[in-house]
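Take a look at the letters that make up each chain.
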Amino acid sequence: MRAEPLTATIGAELFDVSLADAARDDALFGGIKELLLKYKVLFLRDQAISRADHVAFASRFGALEDHPVAGSDPDHPGLVRIYKDLDSPPEHYENAWHCDATWRDSPPMGCVLRCIEGPAVGGDTIWVNMAKAYADLPEHIKAQIEGLYARHSIEATFGANMPIEQRHALKARFPDAEHPVVRTHPETGEKVLFVSGFATHFTNFHTPANVHYGQDYAPGAGQLLAWLIGRAAIPEYQVRWRWTPNSVAIWDNRCTQHYAVQDYWPAVRKMERAGIIGDKPF
Ligand code: SIN
């Protein structure tokens, strides 16, 4: 197995390895896991593996989870279908910068995404290194966000287009989660900027240190949150992957965000994602 970095900051492409073999081989799997911690997202092409092998490989990292809004393959629980076609019109946005499922108390530790069918051109995905985004913050911002928490909501994102009863039912099943704005990666110890498209507001910003008069709160907190979320858009922290059928991305969801570029409609794009249950961020 050979790894070639794709940028100076994040991402490497793996060669001479099959994920079907890695699902059964401890040493091979261990090597991939080590590279994942180093590069944060790994890419492979020509992985004509079965759905069972996709699930078996991803399950080496931990148990898989379904998604309450995107359905899973009926024969392979945990293999979420992200299928877009003519019936997925571009008026409804597909994506924002996000770390997967941070509306869960314990968001996924990572994901394995395989392209089943894709447009001839377009539909790339971009990943961003949020440990680098944190490390580059000005010191006064690091001091300001130390100890801050943010609320993350499925209701305000996946639920926003639902009738109110359905939205409330979704929220009852998945109450908003609260996570530190800066989390520590449980394996590398890196500090990571951990707010993205699911974060709605800070929960402990409204203190005398931050809010002198009441009306300071909403703009002060909102602008800081939007500015922090916007750091994901900095090209120097990113890698962009052009999909081909049977290409695969494996990412560490604890220290990255991603964005699927929505530029291909009316072409079909079919992706299958195995999300691996993670720990509670600290
Ligand atoms: C995701 O947002 O998890 C999927 C990304 C993609 O479809 O490229």
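Up top is the structure these notes are about.
Residues numbered from 1 in each chain as written. Predicted model: local features only at pLDDT ≥ 70, side-chain atom pairs only at ≥ 80, totals over all residues. Heavy atoms only, no water.

Participant: Quick rundown of the sheet that holds strand 13 (residues 248–252)? Include the residues and the values.
Facilitator: Two orientations exist for strands paired in a sheet by backbone hydrogen bonds: parallel and antiparallel. Read across the sheet, seven strands follow the order 1-2-3-13-5-15-4 without closing on themselves; strand pairing throughout is mixed. In this open sheet, the two strands that pair with only one neighbour each are strand 1 (2–5) and strand 4 (79–84). Here the average twist between neighbouring strands, direction ignored, is 25°. In terms of strand pairing, strand 5 (residues 110–117) meets strand 15 (residues 269–276) through seven bridges, oriented antiparallel. If you follow Gly110 over to strand 15, its bridge partner there is Ile276. Contacting strand 1, strand 2 (12–15), strand 3 (41–44) and strand 13, helix 2 (residues 26–39) crosses the sheet at an angle of about 125° to strand 3. (Pairing = 2+ DSSP bridges. Helix = DSSP H or I, 4+ residues; strand = E, 2+ residues; numbered from the N terminus. Axes fitted to C-alpha atoms, helices over the stretch in contact; angles between N-to-C directions. Contact = heavy atoms within 4.5 Å.)

Participant: Any chance you could break down the pattern of salt bridges for me, citing the residues and the numbers?
Facilitator: Tallied over the full model, the rule gives 21 salt bridges. Between Asp73 and Arg51 there is a salt bridge; the shortest N-O distance is 3.6 Å. Here the residue Asp73 occupies a position in the loop between helix 3 (51–59) and strand 4, and Arg51 occupies one in helix 3, the gap between them amounting to 22 residues. A residue is classified by how much of its surface remains accessible, and Asp73, at 7% relative accessible area, is buried. With relative accessibility at 29%, the residue Arg51 sits in the partly exposed group. Note that Arg254 and Glu187 form a salt bridge whose closest N and O atoms lie 2.9 Å from each other. (Salt bridge = Lys/Arg side-chain N within 4 Å of Asp/Glu carboxyl O. Buried < 20%, exposed > 50% of the residue type's maximum accessible area, 1.4 Å probe, protein only.)

Participant: Break down the state of the cysteines for me, citing the residues and quoting the values.
Facilitator: For the coordinates displayed, the defined rule picks out zero disulfides. Cysteine Cys115 shares no disulfide, and the gap to the nearest cysteine sulfur, in Cys111, comes to 16 Å. Judged by relative accessible area, Cys115 falls into the buried class, the value being 1%. (Disulfide = S-S within 2.5 Å.)

Participant: Just give me the short version of the environment of Thr200, but keep the residues and values in it.
Facilitator: Assignment of secondary structure puts Thr200 in strand 11 (residues 199–202). For Thr200, a relative accessible area of 35% puts it in the partly exposed group. Between the C-alpha atoms of Thr200 and Glu236, which are 36 residues apart in sequence, the distance is 26 Å. Apart from residues no more than four positions distant in its own chain, Thr200 is found in contact with Arg151, Ser153, Ala156 and Leu225. Within the structure, Thr200 has its side chain in polar contact with the side chain of His201 (distance 2.9 Å). (Polar contact = N/O pair within 3.5 Å; in protein donor to acceptor, adjacent residues only side chain to side chain.)

Participant: Tell me about the sheet that holds strand 7 (residues 149–152), and name the residues and values.
Facilitator: Pairing in this open sheet of three strands is antiparallel, and the strands run 8-7-11 from one edge to the other. Whereas interior strands pair on both sides, the edge strands pair on one side only; in this sheet they are strand 8 (177–180) and strand 11. If you compare each strand with its neighbour and ignore which way they point, the axes differ by 35° on average. Two strands pair when backbone bridges link them, and strand 7 and strand 8 are joined in this way by four bridges, in the antiparallel orientation.

Participant: Mind laying out the pairing of strand 13, listing which residues take part and the relevant values?
Facilitator: Along strand 13, five of the five residues are buried, which leaves the element largely enclosed by surrounding structure. Neither face of strand 13 is left uncovered, since the one carrying Val248, Ile250 and Asp252 and the one carrying Ala249 and Trp251 both have all their residues buried. The pairing of strand 5 with strand 13 spans five bridges and is antiparallel. Within the sheet, the bridge partner assigned to Leu113 lies in strand 13 and is Ala249.

Participant: Give a description of the site of the ligand that names residues and reports values.
Facilitator: Near the ligand, the surroundings consist of Ile82, Asn95, His98, Asp100, Leu113, Thr125, Trp251, His258, Ala260, Arg269 and Arg273. One nitrogen or oxygen atom from the side chain of Arg273 is found 2.6 Å from an oxygen atom belonging to the ligand. Relative to its unbound accessible surface of 260 Å², the ligand loses 95% to contact with the protein. Secondary structure elements with two or more residues in the shell around the ligand: strand 14 (256–260) and strand 15. By residue class, the composition of the shell around the ligand is four nonpolar, four polar and three charged. (Near = heavy atom within 4 Å. Areas by Shrake-Rupley, 256 points an atom, 1.4 Å probe, with all protein chains shown as cover. Nonpolar A, V, L, I, M, F, W, Y, C, P; charged D, E, K, R; others polar.)

Participant: Give a detailed account of the environment of Val192, specifying residues and quantitative values.
Facilitator: Within the element layout of this structure, Val192 appears in strand 10 (residues 191–193). Taking relative accessible area as the criterion, Val192 reaches 1% and is therefore assigned buried. Placed 63 residues apart in sequence, Val192 and Cys255 show a C-alpha to C-alpha distance of 5.8 Å.

Participant: Describe in detail helix 3, supporting the description with residues and values.
Facilitator: Restricting attention to buried positions, one finds in helix 3 the residues Asp53, His54, Val55, Phe57 and Ala58. At its buried positions, helix 3 is contacted by helix 1 (19–22), helix 2, strand 4, strand 5, strand 13 and strand 15.

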